[in-house]
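Observations on chain architecture
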Amino acid sequence: MYSKSTNEDERFMRRCLALARCGAGRTAPNPMVGAVVVHEGRIIGEGYHRAFGGPHAEVHAIAAVRDRDLLRRSTLYVTLEPCSHHGKTPPCADLIRRSGIPRVVVACVDPFPKVAGRGIGLLREAGVEVVVGVLEAEARHMNRFFLTAQTEQRPYVILKWAESADGFIDAQRLHADRPPVRLSDERSTRAVHSLRAEVASILVGARTARLDDPSLTVRHWSGPSPVRLLLDRHGQVPPTAHLFDGRVPTLLFTSPSNPTTPPNVTRIDVDPAQPVLQQLLQALHERQIQSLLVEGGAELHSHFIREGLWDEAHVETAPILLRDGVRAADLHSEGDAVRWSDRTDNKKHLLTVFFHRRQVL
Ligand code: AOF
Ligand code: ZN
């Protein structure tokens, strides 16, 4: 049974999306999910998935309804298809069926293999009217890390770099003796740190680790620091680097021929004869790491772009002339972005976001 959504459906789904976001940072590797129960245009129960392993959004929303008789005349709104499997919790589709709720509005189907349409199927078989696709784009964007892990079997990859007004990055490649030029300002640094707080892992290459000695922690924003990743096939980064300070877990991707292992790392040997980035993404996927922020350098970015292994790029353009370095335009053209949007945050910095062709949006 397919029926149409209404403006009212969108209004209540928007509330579900806001509720879902309350779980941000605590649900991974599970999705963020929000739900409301509506009776005659009024919300009578709401809830969200609060933390990994805990009750699902639908359970909280239905439990919050005081007058249980109203359930038989209510609509349940939920940002993700209700589950049909026995996981850490029993199936929500069963709970909904038993509660007598006659109508369910869902934002997007759950591609998780144990669910994948079965939740909706169970409800329809039980005679529940199910509407799918209300504010679907918003719901998919919110859970793009979770969804990419399910459909692509790899983490969602975000590339991030800053370039000069004349289109260069990494001037140190040519002038290793010069001190690094700071392209970011206070405001864009905060934006980067807020992005760091959202992702599960951050990667840099050996060159960047050596020249910039980054900590890759979240300092100018609140939130947990992601797992740090270093790709250093030949062991070029000194053991005194910040990445090895033990303050946040670090995974080192290197080759078996590298004789040294720096302190405070989990070492993962990659086969140099096989595609390295694919091995790296596979290792992250196995650890249920669903998002990766690549912070450079230029060579690492262009590898991800050339292999089509990215989903989103955050490019900051600074009002500085570098005059030489690696041409950022090379990354742009390799990126072959199909959709882009930009916004001027202030007169100085232009933050540009590209989306990859295989976007999950
Ligand atoms: C959630 N929260 O609100 C919904 C989810 O191991 P379990 O039992 O928690 O099941 C996890 C799966 O259930 C998850 O991957 C997703 O497919 C589905 N729906 N999960 O954690 C929720 N509705
Ligand atoms: Zn569930």
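Residues numbered from 1 in each chain as written. Chains lettered and ligands numbered in written order. Predicted model: local features only at pLDDT ≥ 70, side-chain atom pairs only at ≥ 80, totals over all residues. Heavy atoms only, no water.

Under the present numbering, the feature "binding site: Zn(2+)" (unreviewed entry) in UniProt falls on His 56, Cys 83 and Cys 92. A stretch of 37 residues holds the annotated residues, and the largest C-alpha distance among them is 8.9 Å, short enough that they meet in one place. Among the secondary structure elements, His 56 is positioned in the loop between strand 2 (42–48) and helix 2 (57–63). You can call His 56 buried: its relative accessible area is 19%. Apart from the residues within four sequence positions on either side, His 56 is in contact with His 49, Cys 83, Thr 89 and Cys 92. Turning to its location among the elements, Cys 92 is positioned in helix 3 (residues 92–99). What Cys 92 contacts, discounting residues up to four positions off in sequence, is His 56, Glu 58, Val 59, Pro 82 and Cys 83. (UniProt positions renumbered as here; feature names shortened; annotations may be inferred. Helix = DSSP H or I, 4+ residues; strand = E, 2+ residues; numbered from the N terminus. Buried < 20%, exposed > 50% of the residue type's maximum accessible area, 1.4 Å probe, protein only. Contact = heavy atoms within 4.5 Å.)

Turning our eyes to something else, we now look at the UniProt feature "binding site: substrate" (unreviewed entry) in the chain. UniProt records the feature "binding site: substrate" (unreviewed entry) at Arg 196, Leu 216, Arg 219 and Glu 295, using the numbering of this structure. Relative to the elements of secondary structure, Leu 216 occurs in the loop between helix 8 (206–212) and strand 9 (227–231). Owing to a relative accessible area of 2%, Leu 216 belongs among the buried residues under this scheme. Residues contacting Leu 216, with those up to four places away along its chain left out, are Arg 196, Ile 202, Val 204, Arg 228, Leu 243 and Glu 295. By the secondary structure assignment, Glu 295 is in the loop between strand 12 (291–294) and helix 10 (298–306). By relative accessible area, Glu 295 is classed as buried at 14%. Of the polar contacts made by the side chain of Glu 295, one reaches the side chain of Arg 196; its length is 2.8 Å. (Polar contact = N/O pair within 3.5 Å; in protein donor to acceptor, adjacent residues only side chain to side chain.)

Think of it this way: four donors in a tetrahedron around the metal ideally sit 109.5 degrees apart, and six in an octahedron ideally sit 90 or 180 degrees apart. For the zinc ion (ligand 2), the protein coordination sphere consists of His 56 (ND1), Cys 83 (SG) and Cys 92 (SG), at 1.9 to 2.2 Å. In primary-sequence terms, the residues that donate to the zinc ion (ligand 2) follow H-x26-C-x8-C. Each member of the pair, Cys 83 as well as Cys 92, carries the same accessibility label: buried. (Donors = N, O, S within 2.8 Å, 3.2 Å for Na, K, Ca; no water.)

Take His 60: it is sitting in helix 2. Judged by its relative accessible area of 18%, His 60 falls in the buried class. Placed 123 residues apart in sequence, His 60 and Leu 183 show a C-alpha to C-alpha distance of 46 Å. Apart from the residues within four sequence positions on either side, His 60 is in contact with Glu 46, Gly 47, Tyr 48, Arg 50 and Pro 55.

Looking now at the site of ligand 1. Close contacts around ligand 1 come from 15 residues, with Asn 30, His 49, Ala 57, Lys 88 and Asp 110 the closest. The separation between a nitrogen atom of ligand 1 and a polar side-chain atom of Glu 58 is 3.4 Å. Between ligand 1 and Asp 110, the relevant distance is 2.3 Å, taken from an oxygen atom to a side-chain nitrogen or oxygen of the residue. (Near = heavy atom within 4 Å.)

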